[in-house]
Amino acid sequence: MSVRTGWYRNAVIYQIYPLSFMDSNNDGIGDIPGIISKLDYIKDLGATAIWFSPLYPSPWEDYGYDVADYRGIHPAFGTMEDFEQLVAECHARGLRVIMDAVFNHTSDKHEWFRAALADKDSKYRDYYIFREGRRDKEGELIPPTNWTSSFTGPAWERVPGTDEYYLHLFAPGQPDLNWENPEVRAEMADILRFWMDKGVDGFRFDVFNLFSKTYPLRDDKRPAAFQKGTNYYVDGPRMHEFLKELNENALSLYDSFTVGESYIPDEEHAHRYIMEESGELDMIFDFEHLTSDNLFGLKMIPKPFRLRQFKRGLLGPQIRYHGTGWNALVLENHDVARSVSRFGINTKKFRYEAATFLAMVTFLGWGTPFIYQGEEIGMTNTRFKNLEQMKDPVSRFVFDTMRKLRIPAKAAFAMLRAGARDNARTPMQWDSTVNAGFNTGAAPWQCVNPDYRKINVKRDLESEKSVYRFYQRLLALRMSDEVLLSGDTVEYYPDDRQIIAYSRTLGGRRYLIVGNFSGVRADFIMPGDFELDELSIKFTNLDRTDTEIEEIMQMKPYEALLLEEKRK
Ligand code: NOJ
């Protein structure tokens, strides 16, 4: 009999990026004691679980997504005892604990990789993907395939002093693991059990659908594709088998939960990953809606916001997966710009309206909400002054690539600033004291957003009309209503360029969620299958009364409504 209860279906998950959350010892870096001091805050928001971005020892070339020891805690964050206390304090408050499982690659400082480099005959050589280089027509040594890394540049790094290369789909300091090797897979299952034995309740799998590569490795022959090689490593041939095996050997033995971060997945595979009958993952993050204002998902290459794409990405999975698996609802994480500073939003004018609007249209959908630290107070993008202020190495890689493409420095920097991951990584804004209350004055590893005197937790808590208070009410409402928790989704007006509208239905009950996703007024025409006199306003972010429910409603900029149908 399964020990899994499916607790994640009624969960609200809060994501913490530990480096930037709360620095208790004033060394410029967030830490576990700092997190513990804020657990009540997270609980009061209405969250029921916390996902921690990597807490493991790491050289921080990619701030923890380069793991040097899967069974440890980074000393800057605290000790294993601190972590155990964190788990206990979370559980005492009814908060579940979710760890980040970064299993596609390790750090090049991991002992497996060090051993693999030190000795060609070591068994750890086969934990990674090493290949001989090739010779081009001129006899020059070139990488084994033409694949490019998602962080720009070749996906192969030459092993110094040899003709061999190793594969890294991300930074050179993040060598890919060889999932064909059963010992690697056994290690991963063991790591999952290690943390679950410590009381961890679930995992977020980093870029999971890259684990399985297509062999033999070969050149991507597609013309001028942005990223070469994806057709040989995204949703690879053994993906489903690998996930099932992790379940068999670890996940299914505990009351666990998994969300997989997918990398441009194919729709059919995406569905299979989360179908209950597959026994693979519980849900995936599919970020299509978050590419609605950038080109090909390249966060730093903006394009005008496309609402139709946003709606397809947000609502499509709800419609496709309902009844067969589960869905994740997400607007922000540590890899994307702040939501109130994108999607064509004039942040200065509409920050409160847009933050509350986005929360309503996203988190009233079907799936488990994921809220990223600071999103609940409407934190904004930072106006970085120069590249040195941006600590994410990817910002530097992308800037250099843009310069190589002869994009003028000023334009390149402006593009970078709008989409950079650094925007999500500025310290959490707790109050208006020095460094936004993140610590007591030491320079934070990543600069504080100067708007913290206006936008901070303390201010939001003191006011009834604040983004935080709105989130609190919205999450409480969601939690208390079966229709919102599990009803199905039907979309209206998918082609409309201002309006987003969908219904949620369960049994005989139905809601209509409507929003004006623009900075100007928009007309909403009541769909034919709703009767005006059966509708009342259950929740809204601006002011509107029941008498203002009309056949054609003029909606204010970023107004969102939850209409309840009362059948006579
Ligand atoms: C996705 C993570 O969210 C991101 O921060 C990281 O850089 C890549 N995966 C590589 O691990």
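Conventions and cut-offs
- Residues numbered from 1 in each chain as written.
- Predicted model: local features only at pLDDT ≥ 70, side-chain atom pairs only at ≥ 80, totals over all residues.
- Heavy atoms only, no water.
- Near = heavy atom within 4 Å.
- Polar contact = N/O pair within 3.5 Å; in protein donor to acceptor, adjacent residues only side chain to side chain.
- Areas by Shrake-Rupley, 256 points an atom, 1.4 Å probe, with all protein chains shown as cover.
- Nonpolar A, V, L, I, M, F, W, Y, C, P; charged D, E, K, R; others polar.
- Pairing = 2+ DSSP bridges.
- Helix = DSSP H or I, 4+ residues; strand = E, 2+ residues; numbered from the N terminus.
- Axes fitted to C-alpha atoms, helices over the stretch in contact; angles between N-to-C directions.
- Contact = heavy atoms within 4.5 Å.
- Parallel < 35°, antiparallel > 145°, perpendicular 65-115°, else oblique.
- Left-handed = near helix turned anticlockwise from the far one by under 90°.
- Salt bridge = Lys/Arg side-chain N within 4 Å of Asp/Glu carboxyl O.
- Buried < 20%, exposed > 50% of the residue type's maximum accessible area, 1.4 Å probe, protein only.

Before going further, it helps to spend a moment on the site of the ligand. Close to the ligand lie 13 residues, the nearest being D62, D206, H334, D335 and R421. At 2.7 Å, a side-chain N or O of D206 approaches an oxygen atom of the ligand. Protein contact buries 97% of the 290 Å² of open area that the ligand shows by itself. Broken down by class, the residue content of the shell around the ligand amounts to four nonpolar, two polar and seven charged.

This brings us to the sheet that holds strand β20 (residues 535-540). One open sheet accounts for five strands, arranged β16-β17-β18-β22-β20; its pairing is antiparallel. The open sheet has two edge strands, β16 (488-492) and β20, and neither has a second partner. Taking the axes of each pair of neighbouring strands and ignoring which way they run, one obtains an average angle of 25 degrees across the sheet. Against the sheet, helix α14 (residues 467-479) touches β20 and β22 (560-565), its axis set at about 130 degrees to β20.

As a further point, take the packing of helix α10 (residues 347-363) against α14. Running from amino to carboxyl end, α10 crosses α14 at an angle of 15 degrees, the nearest separation of the two axes being 10 Å. Considering the angle they form, α10 stands roughly parallel to α14. Crossing angle aside, the handedness with which α10 passes α14 is right-handed. Side by side, α10 and α14 meet where R351, Y352, A355, T356, A359, M360 and F363 of the first sit next to V467, F470, Y471, L474 and R478 of the second. Looking at the contact of α10 with α14, its residues break down into nine nonpolar, one polar and two charged.

For the rest of this paragraph, the subject is the pairing of strand β13 (residues 298-302). Examined bridge by bridge, strand β12 (residues 294-295) and β13 share two bridges and lie antiparallel to one another. Counted as the bridge partner of N294 is P302 from β13.

The full count for this structure, using the stated rule, is 46 salt bridges. A salt bridge links D176 to K213; the shortest N-O distance between them is 2.8 Å. Taken together, the residues span a long stretch of sequence, with D176 in the loop between β8 (164-167) and α5 (182-197) and K213 in the loop between β9 (202-205) and α6 (230-233) at a distance of 37 residues. K213 gets classed as buried once you look at its relative accessible area, which sits at 1%. Here R544 and E559 are joined by a salt bridge, their closest N and O atoms 2.6 Å apart. Linking R544 in the loop between β20 and β21 (552-555) with E559 in the loop between β21 and β22, this pair joins segments that are 15 residues apart in sequence. A residue is classified by how much of its surface remains accessible, and E559, at 0% relative accessible area, is buried. By sharing partners, the salt bridges in this structure join D62, D335, D392, R421 and R425 into a single network.

Quick look at the environment of E241 now. Within the fold, E241 resides in helix α7 (residues 239-249). Separated by 204 residues in the primary sequence, E241 and S37 place their C-alpha atoms 41 Å from one another.

Before going further, it helps to examine the sheet that holds strand β4 (residues 130-132). The strands making up a sheet associate through hydrogen bonds between their backbones, and the pairing can be parallel or antiparallel. Across the sheet, which stays open at both edges, the three strands sit in the order β4-β8-β7 with antiparallel pairing between neighbours. The open sheet has two free edges, formed respectively by β4 and β7 (156-158), since each of these has just one partner strand. If you compare each strand with its neighbour and ignore which way they point, the axes differ by 35 degrees on average. Pairing analysis gives three bridges linking β4 to β8, with the strands arranged antiparallel. Each bridged residue has a counterpart across the sheet, and for R131 the counterpart in β8 is Y165.

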